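Examination of the molecular architecture
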Amino acid sequence: ISTDNLREDFTLKITPIIKNEKVKRMDKYIQHGNTSTLEHCIAVSYISYCIARKFHIRCDYNSLLRGSLLHDYFLYDWHDKDAAHKWHGFHHAAVALKNASKDFELTDIEMDIIAKHMFPLNIKLPRYKESYIVSLADKICSSYEVICKRACYRFE
């Protein structure tokens, strides 16, 4: 699949989720540097999709995309000086899963992606290859965002 076709296919597949009003709220919160949580999730989703497609990994692409888009669906600013956010890195995956489960019908793969994307910080091993792919993509994107200290990805 060509890069142009990959981007077009990706955009077509994610558009229904990113048009959701609650998902759009993620754009209000900064994730890393100047990157919003929505931008971060779109980047993680795109990198996950590229990894799976470029390496010809057979997987549930729809669950991969949905799970990666919702992996940080915690809907708060974790930078706020709030005791509830003190252990954000350890707890936000559970909050994101709780929120996503309320607002979306999730597959087992999507739930596993959201719950375990912080492996090894969250010590439960991912169960599906899609979960490992998203965990890897999340670390790639987070590292880039922290190092660059600017918005790295824009979805138009």
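By convention here, each chain's residues receive numbers from 1 onward along its written sequence. In view of the model being predicted, local features appear only for residues whose pLDDT reaches at least 70, and side-chain atom pairs are presented and counted only at 80 or more, with totals across whole chains, interfaces and linings using the full set of residues. Side-chain measures here rest on the full set of heavy atoms in the structure, leaving out hydrogens and waters.

Focus: the environment of alanine 115
Mapped onto the elements of the fold, alanine 115 is located in helix α6 (residues 108-116). In sequence terms alanine 115 and aspartate 72 are 43 residues apart; their C-alpha atoms lie 9.7 Å from each other. In this structure alanine 115 touches Ala93, Leu97 and Asn122, once residues within four positions along its chain are discounted. Each helix corresponds to a stretch of at least 4 residues labelled H or I by DSSP, and each strand to a stretch of at least 2 residues labelled E; elements are numbered beginning at the N terminus. By the convention used here, residues are in contact when the closest approach between their heavy atoms is within 4.5 Å.

What about the packing of aromatic side chains?
Here a Phe, Tyr or Trp ring, Trp counted by its six-membered ring, pairs with any other such ring whose centre lies within 6.5 Å, and the pair is stacked when the planes are under 30 degrees apart, edge-to-face when over 60, and tilted otherwise. All chains considered together, the criterion is met by four aromatic pairs. With a centroid separation of 5.0 Å and an interplanar angle of 70°, the aromatic rings of phenylalanine 10 and tyrosine 46 are classed as edge-to-face. Note that phenylalanine 10 is positioned in helix α1 (residues 3-18) and tyrosine 46 in helix α3 (residues 37-54), a separation of 36 residues in sequence. Of the two residues, phenylalanine 10 and tyrosine 46, neither departs from the other in class, the shared state being buried. With a centroid separation of 6.1 Å and an interplanar angle of 35°, the aromatic rings of phenylalanine 10 and tyrosine 49 are classed as tilted. Pair noted here: phenylalanine 10 is in helix α1 and tyrosine 49 is in helix α3, with a separation of 39 residues, a long-range link. The class for phenylalanine 10 is buried, based on a relative accessible area of 3%. Taken together, the aromatic side chains of Phe10, Tyr46, Tyr49 and Tyr61 make up a single cluster linked through ring pairs. Whether a residue is buried, partly exposed or exposed follows from its accessible area with a 1.4 Å probe, protein chains only, as a fraction of its type maximum: under 20%, in between, or over 50%, in that order.

Digging into the pattern of salt bridges
Criterion for a salt bridge: a side-chain nitrogen of Lys or Arg within 4 Å of a carboxyl oxygen of Asp or Glu. The tally for this structure, following the rule as stated, stands at six salt bridges. Between aspartate 9 and lysine 13 there is a salt bridge, with the nearest N and O atoms lying 3.7 Å from each other. Of the two residues, aspartate 9 and lysine 13 both sit in helix α1, four residues apart, roughly one turn of that helix. Looking at lysine 13, the relative accessible area reads 33%, which means it is partly exposed. Ionic pairing is found between lysine 24 and glutamate 21, a salt bridge with its closest N-O pair at 3.2 Å. Linking lysine 24 with glutamate 21, this pair stays in helix α2 (residues 21-24), spanning three residues, or about one helical turn. Taking the relative accessible area as the measure of exposure, lysine 24 reaches 38% and is therefore partly exposed. Assessed through its relative accessible area of 56%, glutamate 21 is described here as exposed. Each member of the salt-bridge network shares a partner with another, and the members are Asp9, Lys13 and Arg53.

Digging into α1
Taking 1.5 Å per residue as the helical rise, α1 with its 16 residues ought to reach 22 Å, and the 21 Å between its terminal C-alpha atoms agrees with that figure. Two axes enter the bend calculation: one fitted to the seven residues ending at the residue in question, the other to the seven starting there, and the bend is the angle between them. At leucine 12, α1 shows its maximal bend, which comes to roughly 30°, and the proline proline 16 appears one to four places after that position. By this rule the span expected of a helix is its residue count minus one, scaled by 1.5 Å.

A word on the packing of α6 against helix α7 (residues 129-148)
It is at 9 Å that the axes of α6 and α7 come closest, and there the two elements cross at 35°. Here α6 and α7 pass one another in a crossing that is right-handed. Together, Ile109, Asp112, Ile113 and Lys116 of α6 and Glu130, Ser131, Val134 and Ser135 of α7 make up the contact between the two elements. Residue classes in the contact of α6 with α7 are distributed as three nonpolar, two polar and three charged. Fitted lines through C-alpha atoms serve as axes, helices being fitted only where they are in contact, and the angles separating the N-to-C directions of these axes extend from 0 to 180 degrees. Here is the rule for handedness: rotate from the far helix to the near one, and if that takes an anticlockwise turn smaller than a right angle the crossing is left-handed, while a clockwise turn gives right-handed. Polarity classes work like this: nonpolar for Ala, Val, Leu, Ile, Met, Phe, Trp, Tyr, Cys and Pro, charged for Asp, Glu, Lys and Arg, and polar for all others, with Gly in that last group.

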